[in-house]
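# Observations on the model geometry
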Amino acid sequence: MSLPSLRLKANADRRLRAGHLWVYSNEIDVAATPLHGFQAGDQAILEAAGGKPLGIVAMSPNNLICARLLSRDIKVALDKSLLVHRLNVALSLRERLFDKPFYRLVYGDSDLLPGLVVDRFGDILVVQIASATMEAHKDDVIAALTQVLKPSGILFKNDSAARDAEGLNRYVETVFGLVPEWVALEENGVKFEAPVIQGQKTGWFYDHRMNRARLAPYAKGKRVLDLYSYIGGWGVQAAAFGASEVFCVDASAFALDGVERNAALNGFADKMTCIEGDVFEALKELKASEERFDVIVADPPAFIKRKKDMKNGEGAYRRLNEQAMRLLNKDGILVSASCSMHLPEDDLQNILLTSARHLDRNIQLLERGGQGPDHPVHPAIAETRYIKSITCRLLPNS
């Protein structure tokens, strides 16, 4: 296959040689290789200013990140063979980590498959494609997944906003075998069913697995409040870890039906109370009712999706954590999480300190957590690290 060239400006190859995988549009020598000469989804040979080849890239010529490195070998383009190889490499890590087949199998750039996410639920695979190049090779993706994993069903959950920037339509489609509405998984010894077709993202959030496991010593015998509970990832596990009572709050009736379903699946239905509605309003009502909790988990959706959301987003994190702290008993535990890539962990820590001091309480930081190792971080790409989780203890001021 003969591929066109994409030429960089002088010295624009330094970041790539140091390990990064992204090429920005202002780094391209557009006199030599105009970006309008490419279509979204093309592959090209990336060249340094002097003409030396650096590898093969996937093109998104209309975006700020106009190309992503697929391979540093110009003989290895994206095709079924490369997909099979990269899937096998990704699978070997996950099989080393987990004794059961429930995990994120592919995490985009970190697994050298930009624009591809695959979550595994036993023999069901849920796939998200967010790049035009990967979309152009979706038949190869299906063929490679079936060869490597022999699944009974593959669902393409291609309904994310990330596709808009690539000019891709959104759709949800079973592309291989059969995929039921709810699929089984197990996490930290607790059984769940996830709504992969109608649920959020791929139906489940494997990224907090390790942080949820660490909830066990704090939850035993305690009264727990799970905010933004979705289908009970934190709350149902808290019940399994021995919590005396668990309240789950979510705006979605569908999600709370999932909480009840998963609580019943594990025999904990009698421990669970579901509250449907806006989390901030629910916190006010719980405070007015003089409810108190020993452990509160605040794991909201991303309040900061873009840098311009920073100020409003930080304000939302502060309101959430401060209102949660108001409901904690004097020796209470707060697990505060963020999936906002733009919010540094130190900023979340400062939000917790400021909130505690505003309530005239002392705070101890006990544990810090990130995403699990099935979401590996690419050390050159800060954007691949997004999960923060801080477990803290709230004490009286005296």
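Residues numbered from 1 in each chain as written. Predicted model: local features only at pLDDT ≥ 70, side-chain atom pairs only at ≥ 80, totals over all residues. Heavy atoms only, no water.

## Thoughts on the packing of aromatic side chains
- Under the criterion given, the structure shown has 9 aromatic pairs.
- An angle of 20 degrees between the planes, with centres 5.9 Å apart, marks the rings of Phe98 and Tyr103 as stacked. The burial state of Phe98 is the same as that of Tyr103; both residues are buried.
- Between Phe205 and Tyr230, the aromatic rings sit 5.6 Å apart at their centres with planes inclined by 75 degrees, giving edge-to-face as the arrangement. Note that Phe205 is positioned in the loop between strand S12 (190–194) and helix H5 (209–213) and Tyr230 in the loop between strand S13 (223–227) and helix H7 (235–240), a separation of 25 residues in sequence.
- You can call Phe205 partly exposed: its relative accessible area is 25%.
- Among the aromatic side chains, those forming a connected cluster through ring pairs are Tyr228, Phe303 and Tyr317.
- Over the ring of Trp234 we find Arg212, and its NZ or CZ is 5.9 Å from the ring centre. (Phe/Tyr/Trp six-rings, centres within 6.5 Å; stacked < 30°, edge-to-face > 60°. Buried < 20%, exposed > 50% of the residue type's maximum accessible area, 1.4 Å probe, protein only. Helix = DSSP H or I, 4+ residues; strand = E, 2+ residues; numbered from the N terminus. Lys NZ or Arg CZ within 6 Å of the ring centre and 35° of its normal.)

## Some thoughts on the sheet that holds strand S4 (residues 53–59)
- Within the open sheet, the 5 strands sit side by side as S1-S3-S4-S5-S2. Their pairing is mixed. At either end of the open sheet lies a strand with only one pairing partner, and these are strand S1 (5–7) and strand S2 (22–24). When strand polarity is set aside, the average angle formed by the axes of neighbouring strands in this sheet is 40 degrees.
- Of the pairings in the sheet, the one linking S1 to strand S3 (residues 43–47) comprises 3 bridges and is parallel in character. Residue pairing for S3: Ser5 is matched across the bridge by Ile45. (Pairing = 2+ DSSP bridges. Axes fitted to C-alpha atoms, helices over the stretch in contact; angles between N-to-C directions.)

## Some details on the environment of Ile275
- Checked against the element boundaries, Ile275 lands in strand S15 (residues 272–276).
- With 199 residues separating them in the primary sequence, Ile275 and Val76 have C-alpha atoms 53 Å apart.

## Examining the pattern of salt bridges
- Summed over the entire model, instances satisfying the criterion amount to 24 salt bridges.
- The partner of Glu135 in a salt bridge is Lys138, with the nearest N and O atoms 3.5 Å apart.
- A salt bridge links Glu245 to Arg223, with the shortest nitrogen-to-oxygen separation between them at 3.0 Å. In this pair, Glu245 is assigned in strand S14 (residues 245–250) and Arg223 in strand S13, connecting sequence segments 22 residues apart.
- Judged by relative accessible area, which is 29%, Glu245 ranks as partly exposed.
- Using a relative accessible area of 18% as the deciding quantity, one classes Arg223 as buried.
- Through salt bridges with shared partners, a single network forms among Glu135, Lys138 and Arg163. (Salt bridge = Lys/Arg side-chain N within 4 Å of Asp/Glu carboxyl O.)

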